[in-house]
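# Geometric and topological summary
Here is what each chain is made of, one letter per residue.
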Amino acid sequence: KAGVTQTPRYLIKTRGQQVTLSCSPISGHRSVSWYQQTPGQGLQFLFEYFSETQRNKGNFPGRFSGRQFSNSRSEMNVSTLELGDSALYLCASSPARNRISGANVLTFGAGSRLTVL
Amino acid sequence: QKEVEQNSGPLSVPEGAIASLNCTYSDRGSQSFFWYRQYSGKSPELIMFIYSNGDKEDGRFTAQLNKASQYVSLLIRDSQPSDSATYLCAVNSSGTASKLTFGTGTRLQVTL
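Everything in this summary refers to the structure shown in the same document.

## Section: the overall build of chain B
Counting secondary structure elements, chain B contains zero helices and eleven strands. For chain B, the α and β elements follow one another from N to C terminus as β-β-β-β-β-β-β-β-β-β-β. A compact globule built from 112 residues would reach a C-alpha radius of gyration of about 13 Å, and chain B, at 13 Å, matches this within 12%. With respect to the three principal axes, the spread of C-alpha positions in chain B is 45 × 30 × 25 Å.

Right under this line is the structure:
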């Protein structure tokens with residue numbers, strides 16, 4: 001069973017540019033979440049999509065946006081890049097909430113490492 | 001106060017010993033608790049999750065949850081050098097089941 005696939009794995013951009021990252025979830029998983037990981041802040045939640053709808057959003061500026069397609073694949077976009085946007089962007093998919101615990105168990109992709117110069 | 005707090009470490013334990021990793025959280029409504037392991041340069045991988053008070057064992061790993069004290073821990077028995085990694089505690093808060101709040105992680109070093 002293929003895991004979560006993220007592309008591109010590495011990219012370098014300059015300030016002011018925009019970037020689009022792609023995520024293909026595990027087959028059958030309908031929920032896709034995005035996280036930003038930096039050395040100082042750790043893993044921070046960006047947003048989550050389920051059935052093409054944004055179900056939850058973290059505390060990030062509007063420059064960060066995302067969408068999900070009918071095949072559950074997801075993209076996130078960052079516009080007007082800033083130096084502080086340099087980070088590892090992780091996508092995670094999950095099948096559904098565990099019926100007993102309510103837990104949303106995430107499986108992460110390898111990440112897209114963005115460097116902003 | 002951070003929502004999920006972990007000691008950054010490094011926590012150094014000799015091979016074969018028990019490693020004890022701790023995590024506290026601030027949201028009393030938190031429902032599910034996760035431990036992820038992250039090797040340097042890699043993405044987090046799930047070790048286990050727990051949602052009821054008490055202990056949950058999976059092989060060499062035991063998660064312990066105390067909701068009254070807002071405390072969750074991970075014990076690793078018979079620690080191996082391959083266990084050397086950063087361990088991330090994550091909490092699934094009430095009302096936002098799709099969002100996990102992560103601690104900044106504890107770096108574990110298992111020495112020979």
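## Comments concerning the nonpolar core
Core analysis: the biggest nonpolar cluster contains 23 residues, and Trp 35, Val 72, Leu 74, Ile 76 and Tyr 87 of chain B have the highest contact counts within it. Counting only elements with at least two residues in this core, the list comes to strand E3 (19-25), strand E4 (32-38), strand E5 (45-50), strand E7 (61-66), strand E8 (71-76), strand E9 (85-92) and strand E11 (106-111) of chain B. When neighbours within four sequence positions are excluded, Leu 74 of chain B is seen to be in contact with Ala 19, Ser 20, Leu 21, Trp 35, Ile 47, Met 48, Phe 61, Thr 62, Ala 63 and Tyr 87 of chain B. Counting 21 residues, the second-largest nonpolar core is a separate cluster that includes Val 19, Val 32, Phe 60 and Val 78 of chain A.

## Observations concerning the sheet that holds E7 of chain B
Residues and elements named next belong to chain B. The antiparallel open sheet is built from five strands, whose spatial order is E1-E3-E8-E7-E6. With one partner strand each, in any of the chains shown, strand E1 (4-5) and strand E6 (54-58) form the two edges of the open sheet. As paired elements, E3 and E8 share six bridges and run antiparallel to each other. Of the residues in E8, the one forming a bridge with Leu 21 is Leu 74.

## Observations concerning the state of the cysteines
All names here are of chain A. Following the criterion strictly, the structure yields two disulfides over all chains and no others. For Cys 23, the disulfide goes to Cys 91, at an S-S distance of 1.8 Å. For the disulfide bridge between Cys 23 and Cys 91, the dihedral angle about the S-S bond is near -60°, and by the sign convention the bridge is left-handed. Taken together, the residues Cys 23 in strand E3 (residues 19-24) and Cys 91 in strand E9 (residues 87-94) connect sequence positions 68 residues apart. For the pair Cys 23 and Cys 91, a shared accessibility class is recorded, and that class is buried.

## Here's the deal with unusual backbone geometry
A cis amide bond links Thr 7 of chain A with the next residue in sequence, Pro 8 of chain A, at an omega value of -10°. If you trace the backbone, Pro 8 of chain A turns up in the loop between strand E1 (5-7) and strand E2 (10-13). Of note, the amide linkage connecting Gly 9 of chain B to Pro 10 of chain B takes the cis form, showing an omega dihedral of 10°. Checked against the element boundaries, Pro 10 of chain B lands in the loop between E1 and strand E2 (11-14).

## Looking at the pattern of salt bridges
Scanning the entire structure with this criterion turns up eight salt bridges over all chains. As a salt-bridge pair, Arg 77 of chain B and Glu 57 of chain B come within 3.5 Å of each other at their nearest N and O atoms. Of this pair, Arg 77 of chain B sits in the loop between E8 and E9 while Glu 57 of chain B is found in strand E6, placing the two residues 20 residues apart along the sequence. Where Arg 60 of chain B meets Asp 83 of chain B, a salt bridge forms, and the shortest distance between an N and an O atom there is 2.9 Å. A residue pair is termed long-range when its members are at least 10 positions apart, and Arg 60 of chain B in the loop between E6 and E7 and Asp 83 of chain B in the loop between E8 and E9 qualify at 23 residues. Residue Arg 60 of chain B is classed as partly exposed on the basis of its relative accessible area of 27%. Overall, Asp 83 of chain B belongs to the buried group, its relative accessible area being 2%. Put simply, Arg 63, Glu 82 and Asp 85 of chain A are held in one network by salt bridges that share partners.

Thresholds, definitions, all that
- Residues numbered from 1 in each chain as written.
- Chains lettered and ligands numbered in written order.
- Predicted model: local features only at pLDDT ≥ 70, side-chain atom pairs only at ≥ 80, totals over all residues.
- Heavy atoms only, no water.
- Helix = DSSP H or I, 4+ residues; strand = E, 2+ residues; numbered from the N terminus.
- Rg over C-alpha atoms; globule rule 2.2 N^0.38 Å.
- Core = buried A, V, L, I, M, F, W, Y, C linked by side-chain atoms within 4.5 Å.
- Buried < 20%, exposed > 50% of the residue type's maximum accessible area, 1.4 Å probe, protein only.
- Contact = heavy atoms within 4.5 Å.
- Pairing = 2+ DSSP bridges.
- Disulfide = S-S within 2.5 Å.
- Salt bridge = Lys/Arg side-chain N within 4 Å of Asp/Glu carboxyl O.

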